Amino acid sequence: MVMADLDNLKTKEELSWHLVGQIEVLKTKPCRKIYMENGPNLALFYVEPGKFFLTNAACPHAKGPLEQGSIEDLGETYKITCPLHYYSFDLTTGRSASGLHLKTYQTEIREQELYALIPRPVSLDR
Ligand code: FES
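About the thresholds
- Residues numbered from 1 in each chain as written.
- Predicted model: local features only at pLDDT ≥ 70, side-chain atom pairs only at ≥ 80, totals over all residues.
- Helix = DSSP H or I, 4+ residues; strand = E, 2+ residues; numbered from the N terminus.
- Rg over C-alpha atoms; globule rule 2.2 N^0.38 Å.
- Buried ≥ 20, exposed ≤ 12 C-beta atoms within 10 Å, placed from the backbone.
- Contact = placed C-beta atoms within 7 Å.
- Pairing = 2+ DSSP bridges.
- UniProt positions renumbered as here; feature names shortened; annotations may be inferred.
- pLDDT = per-residue confidence, 0-100.

Enquirer: Go over the overall build of the protein with me, naming the residues and quoting the values.
Expert: A count of helical and extended segments in the protein gives two helices and 11 strands. Written out in order from the N terminus, the α and β elements of the protein read α-β-α-β-β-β-β-β-β-β-β-β-β. Relative to its length of 126 residues, the protein is compact, with a C-alpha radius of gyration of 15 Å against a globular reference of 14 Å. C-alpha atoms of the protein, sized along the principal axes, occupy 50 × 35 × 25 Å.

Enquirer: How would you explain the environment of Pro40 if you had to name every residue and give the values?
Expert: By secondary structure assignment, the location of Pro40 is in the loop between strand 2 (31–36) and strand 3 (42–47). The exposure class of Pro40 is exposed, given the 11 C-beta atoms found within 10 Å. Considered as a pair, Pro40 and Leu54 are 14 residues apart in the sequence and their alpha carbons are 12 Å apart. Discounting residues that sit within four places of it in the chain, Pro40 has contacts with Asn56, Ala57 and Ala58.

Enquirer: Residues and numbers for the pairing of strand 9 (residues 107–110), please.
Expert: Bridge analysis of strand 9 against strand 10 (residues 113–118) gives four bridges, and the strand direction is antiparallel. Bridging across to strand 10, Arg110 finds its partner in Glu113. Between strand 9 and strand 10, which follow one another and run antiparallel, lie two residues, and Glu111 among them has a positive phi close to 45 degrees.

Enquirer: Help me get a handle on the UniProt feature "domain: Rieske" (unreviewed entry) in the protein, residues and values and all.
Expert: Using the residue numbers shown here, the UniProt feature "domain: Rieske" (unreviewed entry) corresponds to residues 17–116. End C-alpha atoms of residues 17–116 are separated by 5 Å, and the span's content is 4% helix alongside 45% strand.

Enquirer: So what's going on with the confidence of the model for the protein? Residues and values would help.
Expert: With 90% of its residues at a pLDDT of at least 70, the protein reaches an overall mean of 91. Ignoring residues within four places in sequence, the model shows residues 1–9, a span with pLDDT below 50, making one contact including any to other chains.

Enquirer: So what's going on with the pairing of strand 2? Which residues, and what values?
Expert: Pairing of strand 2 with strand 3, which is carried by four bridges, proceeds in the antiparallel orientation. Paired with Cys31 across the strands is Phe45, a residue of strand 3. Bridge count for strand 2 against strand 11 (residues 122–123) is two bridges, and the pairing is antiparallel. Bridge pairing in strand 11 links Met36 to Val122.

In structure tokens form, the structure reads like this:
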């Protein structure tokens with residue numbers, strides 16, 4: 001198998017809905033790291049009164065810890081600014097004025113629990 005085929009398989013990895021946690025617990029922190037089984041760490045952002053955003057935790061610039069970044073309200077969406085070199089990313093689309101793209105994941109609240117459309121199960125603790 002050639003390298004291009006391997007990359008294609010990785011990007012086509014099947015996504016399914018996985019439980020992230022109880023809303024009451026997740027609302028206690030605006031930013032937290034989430035641990036994916038055999039996958040990249042994720043960053044979960046909570047914005048009052050009930051909006052969640054899920055992204056890769058590593059900044060696409062130089063792997064800065066986005067869960068330690070600062071969230072800013074842009075009106076229709078929110079952005080996260082990386083604490084290392086201050087690049088910012090739209091939390092809905094992952095876009096950045098830098099041209100870099102942050103991987104984002106769909107989330108859904110179901111009866112006081114948050115679910116995410118991701119490749120593998122996650123936990124709040126390592
Ligand atoms: S590592 Fe995030 S902006 Fe450089």
